[in-house]
Amino acid sequence: MIGQSRRDRLIAFFMLLPSLILLGIFVYGFIGSTLATSLTDSSAMQRLVGTPANNVGLKNYNDLFTGLLDSRFRTDVVNTVFFTAMFIGVCLAIGMLLAILLDQKIRGEAVFRTIFLFPMALSFVVTGVVWKWLFNPDAGINVLPTVVGLPKGTFRWFISEDQWLQFNWQDLPVIVVYVVLAIVLIWALLRWSRTRGTAPALVAAGTILVSLYLTLGNASALRFPNYEVKGFNVALIAIVVAAGWQMVGYTMAMYLAGLRGISEELREAARVDGCTEFGVYRYVVFPLLAPITLSAMIILGHISLKIFDLVYVMGGGDNLYIDMPGLNMFFETFRGQQFGRGAAIAMVMLIMVAVVIIPYLVSSLRSQEKNA
Amino acid sequence: MTTASRPALQQRSMSLSRFVIYGLLILFAAIFLIPVYMVLMTGFKNPAEVSISTMWQFPSSFSLESYGQALQVLAPGLTNSFLLVIPATILSSVLGSLNGYVLSKWRFPGANILFPLMLFGMFIPYQAILIPLVQFLSSIGLYDSLPGLILVHVVYGLPITTLVFRNYYAEVPNEMLEAGAIDGCGFFGLYWHVVLPLSLPGFVVVIIWQFTQIWNEFLFGVTVAQGTPTVTVALQNLSGSQIVQWNVQMAAALLAALPTLVVYILLGRYFIRGLLAGSVKG
Amino acid sequence: MKARVSLLLVIAVVMASFGFASAQDAPSGDLEIFSWWTGGGEEAGLNALIARFKELYPEVNVINAAVAGGSGVNARAVLTSRMLGGNPPDTFQVHAGEELNALWVAAGLMEPLNDIYEANGWLDQFPEGLLDLITDDEGNIYVVPVNIHRSNVMWYVPAKLEEWGVTVPATWDEFVNVTCPALQAKDVTPLSVGENWTQAHLWESVALGVLGVDGYNGLWNGSTSWTSPEAVAVWDTYGKVLDCANDDMNALSWQDASRRVADGEAAFNIMGDWAAGYFLVDLALEPGTGFAWAASPGTDGAFMMLSDTFGLPKGVANPGAVRAWLSFLGTAEAQDIFNPLKGSLPANTTAQIDNSELYNAYFQDAYSDWTSNAIVGSQAHGLVAPPAFSNGFAAIIAGFQGDHDSATASANTAVLALQTGMVQ
């Protein structure tokens, strides 16, 4: 630490202050305001007339998850989950593959790297416009095979209406509870097999009891009120391809930086110990890349959870097969002029992102602190 | 097995695996370039030549007509975007540099809590602040104007610019500043004489990053400054209106992407550094 | 006696305001005109109007603040925010009907314009049905309509229909049971439909065809229940109509969908009469032979209208210039400048509708329907339902596309109507 003069430290704080105030207002003040709005029935009408909005508590949120009219929002949630999972999976797998390939002392590495990374420099709007043309079901990608004499593709891309893995939205809470119970049970059993402690045994017994209670007793108390079939909309594949095209390079760059950070001596040591080239990756490289995978998952995850422009440009807005909460919020607010409902959707999006980001921020800054 | 045959075997399997590696890389490169091929071919075609049946073929003659048309439609958007990007980038970089300097060299109690709170601003879905943002800008008379949009981009650019500079300045040895302090430099003296002269690479990274991000941004453009559409908004309007002229759309897409592409290809190294900084650990 | 006094008072006030206006200098200063007319004939029409207005009032500095994109959604977002921020444009485009009344008028943000109507004799020049639509319960008129569009039009190519051996269906039942199978047997798409809002547009034509004029109006004034068997039947029919449509509708703009008819890939298309301009100008087809039209099935004798209008917000800086602009907009001259370019009917009956150089065969024909048919308002274009309803309805239409579930759709619409305050 330098410049211990009190005056200078005061100046330093005052130089930071404008940014703190701006971010305080624009991030936390606005989030607070959105939260407050989401608890009311605020609409353009009320604000124009100057009548205060009525406090409606959690009604907007309740409507989103159980209301008859908000099937659209629930479709958005399901779409977001499937999209995020696929998007992260595609980016990690292909990004890792490309990074490993590029790490093999390739001639022309810079050229390849440039090609894989340039879509990152584009706007999602440009990506959307270009891929909309490529995904035209009667043109674009589908006729590409005919250039080499193969039959025309028939996949309908972003206008596909097929749905896989269908489930009843009513059962979602039950499904979630069972999945959570199963994870806890497996974790507890693993723990118990290793330590033979009483605590894991109690937890395991507890989860079994709860599952038994739910199965034998009345699980329907947990169910949502409306029967609605949701599922994986195949049209999302088109969005994954377009978004993946743009973001795979990012994952590749992260992995490549990580690979370059693993010293050759370490790999050589593994080879001396008798590892095959595959073994070197299995036992040395992959474990060392794990933190990068986590970072990449979080960065990609928060992009996909708040995606808006790509879908807006490609799908035009009211195509439920590829709809996302970001679009719904935009229309609810600016077309329907119902600020309360729009704010509630925005808050749900914020919560989804915060759940992913906050632990990550805290942990990565803590480890930085330790290293420093 | 003789000792002589082993290297030969290795050699052969090496060259086979080399072949597979290059094959895969070329295959992926080709896939990545498909959209580029399509944009270029469609954009250079005569409007009459643009049809579904020939969309993958070379144009019979190179025509710049589509680019002329696209430029005409996009010109106001391009102008607005430049008027937006330049001041917003400069302001957010300068503020970020100062913040980074303070946070890395002038740690004060509470800084460890303030910093992550600042960083959080870069991850929030901007929908979560959209309604109050519009109201706030209206109330200070900056709604639907470029200065308003500049303010928005400066503020939401602060977390990343601060982060990059904080990590960058952390590498600057404290001894250098201490030496300066002994020479009688205060807060600004140290910044001006010691820190700033070292900052060029940091500024390059941040400026490139902010330039690309602000140029490519859409949600704020479409909600905060409709009257002065940025290039992404203009491009979206083009694709969402009138008859779908794919040749003009592709030409416009290329024009809209050109500035960031040029920056990326010329200064890609720094771009990647900014990109990796986004994953916080850097 | 009392009535007469107040009438005299009104006249006196009007006279006074007029004397006042003429005593003053000609209007000057800035006039910001806000619209979403940024392309094609709409933009050309607006520019021509502004050019003529500048000739008449050279002192006024016109600012054309048009906001593009999202078929007006973006413009309406900006407008709402500007009104909320107390910074309204001097005058703005708005669809006549609920889009205007449910928000701007109900919030008390608009100036009544009755004096302009009286001074220009427009109460006799605008059709009664239109005046009814734009007059509120107190007798106030808040906007000046520049044009009339028709929503319930079915487009086709006569020679193609002959080739395929089908005729224009008179009812939706005929379309679904006779026309559609005949065309499908010949591998022709019976009906081409585009993205979400064009589906809502199709829906209102189906609703009018199935329910008739009174039944359709009842949906909006509360006398037809959304859950009645008739309303459910609308969804049933709409579902069958969708089954006769192309399966890539979400990828098509309205132009793409209309073009399928011109290209002979589809037999019919339901679209507002802005499609006439598209067929005529962009595709260079002859009305009557290259393309032809009929009222959408079951809606003969009904004219489902929408209208673009301009009004005067309260508290603008330069009301004199706005009044000059609005007084100009309603004249036959202005309407004959704008509408031939935009491709719409003049709202003022003294316009030169018979002049075939200005108004083509389609509009001659449409005008005779306009003056003789029952007038109903369009839902898809904001005339009979407030914005909150339209937004929710877009989601219902999109959901129906997936499940074709009439019961759910009608129940949802009923809840939506209740929630958005359309029915008590």
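Residues numbered from 1 in each chain as written. Chains lettered and ligands numbered in written order. Predicted model: local features only at pLDDT ≥ 70, side-chain atom pairs only at ≥ 80, totals over all residues. Heavy atoms only, no water.

Overview of the overall build of chain C
What chain C contains, in helices and strands, is 18 helices and twelve strands. Compactness check: chain C gives a C-alpha radius of gyration of 22 Å against a globular reference of 22 Å for 424 residues, within 12% of the reference. When the backbone C-alpha atoms are referred to their principal axes, chain C occupies close to 75 × 50 × 40 Å. Counting all 424 residues of chain C, 57% fall into the buried class. A total of about 15800 Å² of accessible surface is found on chain C, and carbon and sulfur atoms cover 52% of it. (Helix = DSSP H or I, 4+ residues; strand = E, 2+ residues; numbered from the N terminus. Rg over C-alpha atoms; globule rule 2.2 N^0.38 Å. Buried < 20%, exposed > 50% of the residue type's maximum accessible area, 1.4 Å probe, protein only. Areas by Shrake-Rupley, 256 points an atom, 1.4 Å probe, with all protein chains shown as cover.)

Some points on the overall build of chain B
On a plain count of helices and strands, chain B comes out with eleven helices and zero strands. N-terminal to C-terminal, the α/β element order of chain B is α-α-α-α-α-α-α-α-α-α-α. For chain B, the residues scored as buried account for 55% of the 282 residues in total. Contacts spanning at least 24 positions in sequence make up 73% of the contacts within chain B whose residues lie at least 6 apart. Summed over all atoms, the accessible surface of chain B reaches about 11700 Å², with 71% contributed by carbon and sulfur. (Contact = heavy atoms within 4.5 Å.)

Some points on the interface of chain C and chain B
Contacts between chain C and chain B engage 17 residues on the former and eleven residues on the latter. Contact between chain C and chain B buries roughly 1100 Å² in total, counting both sides, with carbon and sulfur atoms accounting for 55%. On the chain C side of the interface with chain B, the three residues burying the most area are V78, S81 and Q255 of chain C, jointly 31% of the side's total. The tally of links from chain C across to chain B stands at zero salt bridges. (Buried area = accessible area lost by both parts, 1.4 Å probe. Salt bridge = Lys/Arg side-chain N within 4 Å of Asp/Glu carboxyl O.)

Overview of the nonpolar core
One recurring pattern in soluble globular proteins: nonpolar side chains tend to sit buried together. Among the nonpolar cores identified, the biggest contains 337 residues, and F116 of chain A together with W104 and W325 of chain C are the most heavily contacted of them. Here this core gets 17 residues from one element, more than from any other, and that element is helix 11 (residues 246-277) of chain B. Apart from residues lying up to four places away in sequence, W104 of chain C is in contact with L48 of chain A together with L79, T80, M83, F92, V94, E99, L109 and M110 of chain C. (Core = buried A, V, L, I, M, F, W, Y, C linked by side-chain atoms within 4.5 Å.)

A look at a nonpolar patch on the surface
Residues and elements named next belong to chain A. Where nonpolar side chains cluster on the molecular surface, the patch consists of I208, L209, L212 and L216 and spans about 430 Å² of accessible area. Looking at the secondary structure, you find L209 in helix 9 (residues 198-216). Classification of L209 by relative accessible area gives exposed; the value is 58%. (Patch = residues over 30% accessible without salt bridge, like charges linked within 9 Å, V, L, I, M, F, W, Y side chains within 5 Å.)

Overview of the sheet that holds strand 11 (residues 308-311) of chain C
All names here are of chain C. Strand order in the open sheet made by the five strands is 2-1-3-11-4, with mixed pairing throughout. In this open sheet, the two edge strands, each paired with only one partner strand, are strand 2 (60-66) and strand 4 (143-145). Geometrically, the sheet is characterised by an average inter-axis angle of 25 degrees between neighbouring strands, direction not taken into account. Across three bridges, the pairing between strand 3 (residues 91-95) and strand 11 is antiparallel. Bridging across to strand 11, V94 finds its partner in T309. Across the sheet, helix 2 (residues 40-56) lies against strand 1 (29-35) and strand 2, angled at about 170 degrees from strand 2, the strand it touches most. (Pairing = 2+ DSSP bridges. Axes fitted to C-alpha atoms, helices over the stretch in contact; angles between N-to-C directions.)

Brief notes about the packing of aromatic side chains
Each aromatic ring pair is summarised here by two numbers: the centre-to-centre distance and the angle between the ring planes. Evaluation of the coordinates by the stated rule reveals 81 aromatic pairs over all chains. Geometrically, the ring pair formed by Y312 of chain A and F331 of chain A is tilted, given 6.2 Å between the ring centres and 45 degrees between the ring planes. Taken together, the positions of Y312 of chain A in helix 13 (residues 309-315) and F331 of chain A in helix 14 (residues 325-334) put the pair 19 residues apart, joining distant regions of the chain. Looking at Y312 of chain A, the relative accessible area reads 4%, which means it is buried. Judged by its relative accessible area of 4%, F331 of chain A is buried. Considering the side-chain rings of W220 of chain C and W226 of chain C, the 5.5 Å spacing of their centres and the 75 degrees angle between planes classify their relative orientation as edge-to-face. Given a relative accessible area of 10%, W220 of chain C falls into the buried group. Among the aromatic residues, those joined into a ring-pair cluster are W203, Y216, W220, W226, W235, Y238, F389, F393 and F400 of chain C. (Phe/Tyr/Trp six-rings, centres within 6.5 Å; stacked < 30°, edge-to-face > 60°.)

Thoughts on the state of the cysteines
All names here are of chain C. Applying the stated criterion across every chain yields a total of one disulfide over all chains. Between C180 and C244 runs a disulfide, and the two sulfur atoms are separated by 2.1 Å. Across the disulfide from C180 to C244, rotation about the S-S bond amounts to roughly -105 degrees, and the bridge is consequently left-handed. On the criterion of sequence distance, the pair formed by C180 in helix 9 (residues 172-185) and C244 in the loop between helix 11 (229-243) and helix 12 (254-262) is long-range, its members being 64 residues apart. Residue class for C180 comes out buried when judged on its relative accessible area of 2%. On the basis of relative accessible area, C244 is assigned to the buried category, the value being 4%. (Disulfide = S-S within 2.5 Å.)

Some words on the interface of chain A and chain B
Taken together, the contacts link 96 residues of chain A with 92 residues of chain B. When the two sides are added together, the surface that chain A and chain B hide from each other amounts to roughly 8800 Å², 79% of it contributed by carbon and sulfur. Put simply, chain A and chain B have zero salt bridges between them. If you look at where chain A meets chain B, you find 19 residue pairs in polar contact (both at pLDDT 80 or more). At 19 residues, helix 1 (residues 6-38) of chain A tops the list of elements feeding residues into the side of chain A that touches chain B. (Polar contact = N/O pair within 3.5 Å; in protein donor to acceptor, adjacent residues only side chain to side chain.)

Comments concerning the domain arrangement of chain C
All names here are of chain C. Domain boundaries in chain C define domain 1 (29-147 + 308-370) and domain 2 (153-298 + 386-419). Centre-to-centre, using C-alpha coordinates, domain 1 lies 28 Å away from domain 2. Of the residues lining the interface, nine residues belong to domain 1; the matching set on domain 2 comes to ten residues. Our enumeration of links across domain 1 and domain 2 arrives at zero salt bridges. Across the contact surface, domain 1 and domain 2 share two residue pairs in polar contact (both at pLDDT 80 or more). Residue assignment for the side of domain 1 that touches domain 2 shows that the elements contributing at least two residues are helix 4 (98-105) and helix 16 (361-372). Looking at which element gives the most residues to the side of domain 1 that touches domain 2, the answer is helix 16, with four residues. (Domains from an automatic or database assignment.)

Some remarks on the confidence of the model for chain B
Of the residues in chain B, 90% reach a pLDDT of 70 or more, and the chain-wide mean stands at 85. Across residues 1-5 of chain B, confidence stays below pLDDT 50; counting only partners more than four residues off in sequence or on other chains, it has zero contacts. (pLDDT = per-residue confidence, 0-100.)

Here's the deal with the packing of helix 4 (residues 71-102) of chain A against helix 14 of chain A
Residues and elements named next belong to chain A. Relative to each other, helix 4 and helix 14 sit at 150 degrees, their axes nearing to 8 Å. The angle between the axes of helix 4 and helix 14 places the two elements in the roughly antiparallel class. Only P325, N328 and F331 of helix 14 make contact with helix 4, whose side of the interface consists of R72, F73, D76 and T80. Taken together, the residues that form the contact of helix 4 with helix 14 break down as three nonpolar, two polar and two charged. (Parallel < 35°, antiparallel > 145°, perpendicular 65-115°, else oblique. Nonpolar A, V, L, I, M, F, W, Y, C, P; charged D, E, K, R; others polar.)

Some points on the domain arrangement of chain B
Residues and elements named next belong to chain B. Along its sequence, chain B is organised into domain 1 (5-54) and domain 2 (65-277). A straight line from the C-alpha centre of domain 1 to that of domain 2 covers 34 Å. Interface area for domain 1 against domain 2, summed over the two sides, is near 690 Å², with a carbon-plus-sulfur share of 70%. The largest contributions to the domain 1 side of the interface with domain 2 come from V39, G43 and P47, which together make up 56% of the buried area. Where domain 1 touches domain 2, the interface holds zero salt bridges. Taken together, domain 1 and domain 2 are joined by two residue pairs in polar contact (both at pLDDT 80 or more). In terms of residue class, the side of domain 1 that touches domain 2 is built from five nonpolar, three polar and one charged.

Observations concerning the pairing of strand 10 (residues 302-306) of chain C
All names here are of chain C. Within strand 10, five of the five residues are buried, which leaves the element mostly enclosed by the surrounding structure. Strand direction decides the pairing type here: strand 5 (residues 149-150) and strand 10, joined by two bridges, are antiparallel. When the sheet's bridge partners are listed, R150 is paired in strand 10 with M305. In terms of strand pairing, strand 10 meets strand 12 (residues 374-377) through four bridges, oriented parallel. Within the sheet, the bridge partner assigned to M304 lies in strand 12 and is V376.

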